[in-house]
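Descriptive analysis of the structure
This is what each chain is made of:
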Amino acid sequence: MSRLRGVLIGSALGLLAAGCASFPEQPSPAEWSPAQQLTPQAGPRPELPGELPPSPQGQQPGQSPTPVPPPQGCKDFSPAVVATCLDPVSGVALIDVNQSTGAVTALATERATGRLLRVTKDVDPVELAKFEVDATTGGGLTGLTLSPTYAEDQLVYVYVTTATDNRVMRIAPGDVPKPVLTGIPKGASGNRGALTHDRTGALLVATGDAGNPALAADPNSLAGKILRIDGSGQPARGNPAAGSRVLTSGLRSPGGLCVSGDGTKTWVTDAGTSADLLYRVDAGKPLGDPAWSWPERPGVGGCAAMSDVVWLATSATPGSLSLPMSPDGSFNGKPEVTLDGEDGFGRLGPMVALDDQTALVGTVNKTPGGSPVSSDDRVAIVVRQTGGGNGGRD
């Protein structure tokens, strides 16, 4: 692994602490055209756990580094690991890097338990909130993202399946979780959701079709859509249709939602009826044909949109997929399978880009069919690399 060349969350970010935060409305653009990016304050470049330790004395340049010992219980010796011994992880977010020690602090969610946790390497997880979730129909606590101005307001957003609906909730330090958007249809399937925000500060919400494809096509339904809302759950200014939350439609069971660093490309993954799918989002138009599809179903889920690649986590097979991409967003090669060997962490669920080379991921090795080690499930920092395989395409 190589040095993390930039940290998106700078030294101004603190840990979630006691005390209430206000609920400011995020500024919205006058139209859907690109606007000035909201950029967190930059900080120093610390050494992160993704780096290899110094070479042992006497080791010559070019020699292989000393192998990392296998985990012992919940103790994981990989310098890339941030948290261990969790339930299968459904969401991750980086919130702090200690500028003195380089220790990373992140948030993680567990789909089935409904727990939102603050995690730091070699420190017991801290439960920040626990939601009553229905995880029996593919839902649960499935989406997590930070406010784009987290340094100031410390607000966190989650996507939750309750006994009656799917909904977006907002958590502020020292306060009880508050509903932001409720009434997203719930069904026997299609209850997963994914969250991120665009560079204007609007919250993007990917919703499933609740097992009813007709709802995904219904412009009056919140199901099977990507919604674009403000901090109070109302339609964001500049949406394709004034007064509507809908950015695009046609989803079945979304697994990941990601926006490129320059804000020009938005991608969403979906579990289609016969294949795993990756769509490029075109605001105001139905999703249409996928940009790529995998009939072998590797479990494409979380995604990270880099400058020259779309990086995808896979939850049914170990590792990840990297789709090489041209500047215009077209793909110029087949997917490369990476992180599927000893340098990986098994099956991956959520993925969030940290910079153009690295991502924060959560594992799902404890789900049926997985091969967990004693320290699973984990949160880790991974560095993208070239691999020797490729995925399928229709």
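This one's a predicted model, so the numbers in the text were calculated from it and none came from an experiment.

With that settled, the discussion passes to the overall build of the protein. Within the protein, the regular secondary structure consists of two helices and 25 strands. Pairs at least 24 apart in sequence give 54% of the contacts found in the protein among residues at least 6 apart. For the protein, the exposed surface amounts to about 16500 Å²; the carbon and sulfur share of it is 51%.

Within the secondary structure layout, Asp376 lies in the loop between strand E23 (358-363) and strand E24 (379-383). Looking at Asp376, its side chain comes within polar contact range of the side chain of Thr363, at 3.4 Å. Engagement of the side chain of Asp376 in a polar contact is seen with the backbone nitrogen of Val373, the distance being 2.9 Å. Excluding residues within four positions of it along the chain, Asp376 makes contact with Cys85, Leu86, Thr363, Asn365, Lys366 and Ser371.

Moving on: the confidence of the model for the protein. Overall, the predicted model of the protein reaches an average pLDDT of 85, with 81% of residues at or above 70. For the stretch residues 1-61, pLDDT sits under 50, and the model shows 137 contacts to residues farther than four places along the chain or on other chains. Ignoring residues within four places in sequence, the model shows residues 387-394, a span with pLDDT below 50, making 26 contacts including any to other chains.

With that settled, consider the nonpolar core. If you look at the biggest cluster of nonpolar residues, it comprises 16 residues, and the most contacted ones within it are Val82, Leu86, Leu360 and Val379. Elements supplying a minimum of two residues to this core: strand E1 (81-83), strand E2 (89-97), strand E3 (104-110), strand E4 (115-120) and E24. No other element matches the four residues that E2 contributes to this core. Apart from the residues within four sequence positions on either side, Leu360 is in contact with Val82, Val92, Ala93, Leu94, Ala106, Pro350, Met351, Val352, Leu354, Val379, Ala380 and Ile381.

Moving on, we get to the packing of aromatic side chains. The description of two aromatic rings rests on the distance between their centres and on the angle between their planes. Counted according to the given criterion, the structure contains two aromatic pairs. When the centroid spacing of 6.0 Å and the interplanar angle of 80° are considered together, the rings of Trp292 and Phe331 count as edge-to-face. Pair noted here: Trp292 is in strand E17 (residues 292-294) and Phe331 is in the loop between strand E20 (320-324) and strand E21 (336-338), with a separation of 39 residues, a long-range link. You can call Trp292 buried: its relative accessible area is 5%. In textbook terms, an aromatic cluster arises when at least three aromatic residues are bridged by ring pairs, as seen for Trp267, Trp292 and Phe331.

As a further point, take the sheet that holds strand E7 (residues 156-161). Spatially, E6-E7-E8-E9 is the arrangement adopted by the four strands of the open sheet, whose pairing is antiparallel. Two strands bound the open sheet, and with one partner strand each, they are strand E6 (141-146) and strand E9 (178-184). If you compare each strand with its neighbour and ignore which way they point, the axes differ by 15° on average.

What counts, and where the lines are drawn
- Residues numbered from 1 in each chain as written.
- Predicted model: local features only at pLDDT ≥ 70, side-chain atom pairs only at ≥ 80, totals over all residues.
- Heavy atoms only, no water.
- Helix = DSSP H or I, 4+ residues; strand = E, 2+ residues; numbered from the N terminus.
- Contact = heavy atoms within 4.5 Å.
- Areas by Shrake-Rupley, 256 points an atom, 1.4 Å probe, with all protein chains shown as cover.
- Polar contact = N/O pair within 3.5 Å; in protein donor to acceptor, adjacent residues only side chain to side chain.
- pLDDT = per-residue confidence, 0-100.
- Core = buried A, V, L, I, M, F, W, Y, C linked by side-chain atoms within 4.5 Å.
- Buried < 20%, exposed > 50% of the residue type's maximum accessible area, 1.4 Å probe, protein only.
- Phe/Tyr/Trp six-rings, centres within 6.5 Å; stacked < 30°, edge-to-face > 60°.
- Pairing = 2+ DSSP bridges.
- Axes fitted to C-alpha atoms, helices over the stretch in contact; angles between N-to-C directions.

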